[in-house]
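# Commentary on secondary and tertiary structure
Next come the chains, spelled out residue by residue.
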Amino acid sequence: MPAEVLAQKRTITGVVREETTNELLPGVTVLEKGTTNGTITNINGEFSINVKEDAILVVSFVGLEAKEVKVGQSSTINLSLAPSSEQVDEVVVTAMGIKRETKALGYAVQKVAGDELVKVKQPNLVNSLNGKIAGVNVTNSGGGAGASSKIVIRGGTSLSGDNQPLFVVDGIPIDNSTVSANTSSGGLSATSTYQANRGMDINSDDIESISVLKGPAAAALYGLKAAAGAIIITTKKGESGQPKIVLSTKLKMEHVNKLPEYQKKYAQGDNGVTGDGTYTSWGAAIPDGTQTYENLEDFFETAWSYDVNASISGGNEHANYYMSVHRMDQNGIVPTTNYTTNSFRFNGEQQKGWFTVGMNSNYIYSETTKTLTGSGLSGTGGYGAIMALLYWPVTNNMKNWKNSSGERIALLPNADPEDDLGNPYWVINKNPITDNTHRFIGSGYVKMSPTKWLDATYRAGIDHYNIFQRAIIYPGSAVKEPYVDGTITEKEIQKNIFTSNFTINARQKVGAFNLSALAGHNYEQTTYRKNQQQAAGLLSNFMSINNANADNQTFSNYESTKRLYSFYGELSASWKNMAFVSVTGRNDWSSTLSEENRSFFYPSVSGSFVVSELFPDMLKDKFSFAKIRASWSQVGKDAPVYQTATYVNVVSTIGGGYKNSYYGGNPDLKPETTESMELGLDMRFFKGRLGLDLTYYDTKSKDQIINPRVSMTTGYIFQYANFGTVTNKGIECTLTAKPIVKKNFQWNTSLNLSHNEGTVTDIPVSLLYVDDVQIGPAKSASIKNGKFLGLTGQRWEHSDDGELILDADSGRPITSTDATNIVGNREPDLIMGWNNDFHYKNFSLSLLFDIRVGGDVYNATETQMVYAGTSKTTENRGKDITMKGVSVNSDGEYVSSTSTFTQDQEYYQNILTADASYFITSVNWFRLRSASLSYSLPKALCNRIGFVKNIDLSLSGTNLLLFTNYNGVDPEVSAGGSGILGAGSSGIDYAGVPATRSVSFGLNITF
Amino acid sequence: MKKIAILFTLILVISFSFTACDYDLDINSSPNAAQEASPELRLPYILAECCDFYGSHGTRTATLCQQAGYIYASAYRYYQLENWKFTNNADAWVWQCWYGYTWINIEEMIEDATDMGAWHYVGVGKILTAFGCGAIIDAYGYMAYQDGVNGNIQPDYDDAEYVYSQILPLCDEAIEYLQKEQDASAVALSEGDYVYKGDTEKWIKFAYAVKARLMNHLSKKSEGTDLLNYNTEGILENIDKAFASNDDDWAYWGEDGDVSSRWAIQRQNMSSYNKPGKLWRDYLFNTVDTVAQAYADESWNSKVADPRIEMLVPKIIKDAVVDGDTVEVLSSDYSKGVDLAYADSKPQASDTTYVGLKSTDLNKLYYTQKTSPYFLITYSELKFIEAEVYFRKGQTSLALTAYKAAIQASMDRFGVAANKSADFLASAAVAQTASELTLSHIMIQKYIDLTYNPEVWTDMRRCDYCIGSDGTYNYDAGVYKGFKRPAFVYETAFPSDDDYIRRYQMAYYERYYNADKVTELGVFENDYMTTPVWWDKDE
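Now for a description of the structure that goes with this document.

Attention now goes to the overall build of chain B. The helix and strand tally for chain B stands at 18 helices and eight strands. Taken along the three principal axes of its C-alpha coordinates, chain B extends 115 × 65 × 50 Å. Within chain B, buried positions represent 64% of all 539 residues. Across chain B, contacts joining residues at least 24 apart in sequence account for 72% of those joining residues at least 6 apart. Within the structure as shown, chain B displays about 19100 Å² of accessible surface, and the carbon and sulfur contribution to it stands at 48%. A distance of 5 Å separates the average location of the 47 positive side-chain charges in chain B from that of its 79 negative side-chain charges.

Residue and element names in this part refer to chain A. With the rule as written, the count across this model stands at 67 salt bridges over all chains. Lys 119 is the salt-bridge partner of Asp 837, the closest N and O atoms lying 3.0 Å from each other. Taken together, the positions of Asp 837 in strand β48 (residues 830-840) and Lys 119 in helix α2 (residues 114-119) put the pair 718 residues apart, joining distant regions of the chain. With a closest N to O distance of 3.0 Å, Glu 559 and Arg 529 form a salt bridge. Note that Glu 559 is positioned in strand β28 (residues 553-575) and Arg 529 in strand β27 (residues 513-536), a separation of 30 residues in sequence. Residues joined by salt bridges that share partners form a network here, namely Asp 850, Arg 927, Arg 929, Asp 970 and Glu 972.

Another aspect to go through is helix α6 (residues 160-179) of chain B. Here α6(B) is 20 residues long and its end C-alpha atoms lie 28 Å apart, about the 28 Å a rise of 1.5 Å per residue gives. Taken together, the buried residues of α6(B) touch α5 (119-140), β2 (142-143), β3 (158-159) and α7 (200-216) of chain B.

It is worth spelling out the sheet that holds strand β10 (residues 109-113) of chain A at this point. All names here are of chain A. One open sheet holds the five strands; their spatial order is β10-β15-β16-β13-β14, and the pairing between them is mixed. Edge positions in the sheet fall to β10 and β14 (172-174), since each of these pairs with one other strand and no more. Ignoring which end each strand starts from, the neighbouring axes of this sheet average 25° apart. Bridge count for strand β13 (residues 166-169) against β14 is three bridges, and the pairing is antiparallel. Each bridged residue has a counterpart across the sheet, and for Val 169 the counterpart in β14 is Ile 172.

Moving on: the sheet that holds strand β3 (residues 38-40) of chain A. All names here are of chain A. Strand order across the open sheet formed by four strands is β3-β2-β5-β6, with antiparallel pairing between neighbours. Each end of this open sheet is capped by a strand with a single partner; those strands are β3 and β6 (67-70). The sheet shows a mean angle of 20° between the axes of neighbouring strands, taken without regard to direction. With four bridges connecting them, strand β2 (residues 29-32) and strand β5 (residues 56-60) associate as antiparallel partners. Each residue of the ladder has a partner; that of Glu 32, found in β5, is Leu 57.

Conventions used here
- Residues numbered from 1 in each chain as written.
- Chains lettered and ligands numbered in written order.
- Predicted model: local features only at pLDDT ≥ 70, side-chain atom pairs only at ≥ 80, totals over all residues.
- Heavy atoms only, no water.
- Helix = DSSP H or I, 4+ residues; strand = E, 2+ residues; numbered from the N terminus.
- Buried < 20%, exposed > 50% of the residue type's maximum accessible area, 1.4 Å probe, protein only.
- Contact = heavy atoms within 4.5 Å.
- Areas by Shrake-Rupley, 256 points an atom, 1.4 Å probe, with all protein chains shown as cover.
- Lys, Arg positive; Asp, Glu negative; His and termini not counted.
- Charge placed at Lys NZ, Arg CZ, Asp CG, Glu CD.
- Salt bridge = Lys/Arg side-chain N within 4 Å of Asp/Glu carboxyl O.
- Expected span 1.5 Å × (residues − 1).
- Pairing = 2+ DSSP bridges.
- Axes fitted to C-alpha atoms, helices over the stretch in contact; angles between N-to-C directions.

Structural data, given as structure tokens:
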């Protein structure tokens, strides 16, 4: 027998806990140093190991600081592991759910832990990502309950497509579209009301973590759907051990954050004459003692919301489960509006031999009651509640909206209903828009791991939802005939995404190299169906689609099917944990392109090198880690369905028949390509106390499949075409620091900074208008060899020297109908999110500041209020204004000129509103986006209560502070919400529900 | 190895689930809409949209020509239009409706009809193309004719001279096709023809009428027989082959019911805010000079009330007590007209002495009921053209005959009782002798007859409004007596007294979506709208 076997052995037992939470830690590796002898802790954190005398035990666990313990006299060693300050080996979820250490990645991936999302829980998951990740721009569409938020990573890549990333939940893609916001289908145009982005159906409490795959390189395996990046959501799993029950509730109070200023000096009327012939406020000065009304302030309410979430989870070493139920009732600040959502989830997994079988399922039911905001229902001639509110004269008591017999009280008694301004109270009470959504998201999977070097996973999943939406115009509303007799519009939408995905994975160690290979197949079918029906001219005030003559009932049906299948693969190699390289390839076949064009292949390559491996140990103390990374990738993209042909539509004019669709089809559409290059540097100092991550990227999306508005002489309003390149170049910087790490007091801080510049080239026209968000003198446009997020509009006339031209007679600026001047760029220069977490004993405080520098916001709300004479600006009416410029003398030459004229109604309505630049501000803001203070009851107290493990109390708020140079409402605006494609409507302020400020109280109990 | 074998067996099993997926990718043909429509299924819509684009054009020109006014609302489209300001895309519908709804479908119809030998549809398509392109080029001065509806998203534009050189021969082509026998299998014109019920003879007459009208637009060009000359004999020849009576009129009647797209076009376009224009009202009441009374012997100052007033001008509504209830009834007074010499903040919506032009139960008007007609060309118009041609040729007695026949045809069409029309024709409001007859007599009567028809504006430009030799307003020398520049005319584009509107602002679709090309045409220059269309320039 060899001598060493004879050496005396002893058994050491012990328990390992987590230092901060004191929880037992299963799965901890306990190794005898210098040997291969080792074990792992069981479910109760216990281990037992035979070691030599004087052995040293190395106890380690992912995410915790490893410890070395010398075996002493005692045969029991109980120890606790502290959270690692060095997150070099942080593991993130990458494409296809593959977990990777961040240091192996050749591209930037940022992760948000689930508990970060619920500290200040937002009704819309997308809003929770705001400020937390560099390069991610989240725009809330306003303060309506159930309103959408738009998320764009590294600028938009598509001139006319959706620029939002792919959402993947537990391995299957889910739909985050905004239903029917950019078409007037069902009468709801983008500025009629706000809509939900369907990603908000996911309950933040269910989320374990979110990985944000920022560029095409990171998302290459997801293919064409991920050209704009991907949001990979992993939901919670049960942990082995005692069942854990978590109950959390939140009570929230919301107020309107900021209202536009309005004038209270002038009465309803026209041209200085008070009267009720018009709704505008261009009447005489209001005599002293006349009663005026705070219609605007009084309209918005304090809104209460209640959120309750309960979950139970548990398992053993072979199986685990997680179940949750969630309900939220959110009231809107606009009376009568609300949003309610219910979610149920079951996640379960069972392992048997080398098989693991699991499923994730989520059922969501939500209801929303909304109001018309900017425009009324398309074609009816009415106004939304918010627009009418901003127009309403101060001399009229808006609360006086119906008479004793329930009829509408007209603002303009002599006008036809269609020429009247509908009272906002009438609109919210009588003309609601309601929708309810049933949604199921589920997937099942089987993992097979027959050997250490090979495993395979098959997953099939479905995302299915039904939305039923109804918009009502009550008889007697201020709209055109025949709508004035009552109108009901109903829409039923069904969407279904079926996914099947198979991957096989092999890995092998060859000398100093670790090699791995992956191959996969994906199939996806998306079906969509919409049934729409409308009844106008109701026979009585019984509000049913049945209550109208057949002539007044219309219905239509739309359905589409899209299929896509792909093969993909990845080869990766690493050398000594120091150099990493990975190559991917994917080929897609899409049903939306012609046979010749439907198959397309695209590759990616990425690599990283951990420079710090070469550092001497001396240096490592201070400069602990450094890595450089680089990647290049290409992603193809197919067309939306049915764009390869022109269709004919049935008409309702006399004799019926057909007409051409106003979309011109194009049989020759080819896939578009996004090509991206990314370079990055990741550095950690002082054992991870300070970290800096820098990324530079350059992304080009070429041969875009777009449907721009074109010259009407084509016979089409929109034409499907392949042209245009969008280039996004930008930098991202993440700075993390742990300035204070003491036992009782810790301060973690991180700063996310990003700058992006989106430009457009290779378009045949000088300006590209993809989607129409045009209100007043400006509209959103992409500019050739200029900005992607541009604004064009009308300007006052200027001489070639740039001097303002003043009319020689009137002294007033000269307006022009040319609306193609470049007047703005809505892209911010810099967006910054600054997170701070303070822990003191049982208290923790989180503060998220959000800073934005630059980026134009167009105040179209103000143009409308100036026109209506309700804007504060118009208080200067009757006062003189002096302007400097040039005017034409009798010889036809420009001579410098100074003129003084009176600002009258004509000036405000026709001259001032004909200069877009007056309404455009380069906006900066500094806001305390969210703050939360929480307190965990001492363990001792919990123990005294008994069955309770933890009780946390929290007080949190959103938008508590806002400093901005913007003169309208909260400048985080988007007139058409997230459904506006391409350059979108962010930065356009138009009669939306103003943003809110909220305070909430939360209670969280773990059993 | 056994495990690996099992794994691959499983992979095989899973592969079956792939094959269970449907891999057919040839599914990109929409199940929601057809891609083909035979000619008889396109024609009804083409006819409706011809009426829509032309009638909506007419609503706008009625405002420019002071037939209709608008209540004071300084940022509203029609208020601005009456002051010759083209914001709010005032003209957009005309351009959009012609290209996007009418012409594109005509082109598709012609193509499909050619394939099946349905020559009558080809003929109808061609004559409507000539008619529509003519109307568009007359208003805008430029249009994408060669590049129109052919897939070019950055078209070049053609001027009126070029377009006229194409559409005049197109009228002849149309006639040839209408005279041709259709292939046996081709669908009959009557299947889709809502206007003439498949009567090709009437369509041929319509084609001659279109040609006569277009040729008459060249009145400022030198006389001669070339294609682009002012060919008086040619016009008369075409009139001769065109409509023979009111029965031949190209009329489109609206349909009652709640489907608003089937209502008469002026019903669809009007709101209660559109009021009568003062000039139009004065022409109907023959009270042009109400201030100086210096011209009392002129027809248009004869104070003879035109019997068509009842069909055209709404009456003021007053309250009356019937059985103890206050109800609204018609008074005997007619609505006031919007006076552009003074109106700025007037009238307000609350001024009940200005009554809207949209028909109501009390004020039933000829053009603005749901079931009203709209005309592209009428027999009466041809008679007015005939009168004008004879007048210009100096054959005044033939002119007088045509002039009276035109008024009679108009009266008949409006349904004026024979005795009333006879009285009117014999009154001082109508020229009775050839020596008395002036161009103003003809054109002012035509102005009334063609209310809401864009042709009125073309005539006013051809006849130079009421302008004297120095280019400014001159009552004595002018044709359209009393027509003045609006007091609140859009000064930027019309700064001096001799600036009159001579064409529409270029449609905003082109200004936005094809800016590079239209900039060259000068559309962003302030004098764009005062520059005459080709035929409006004296030769």
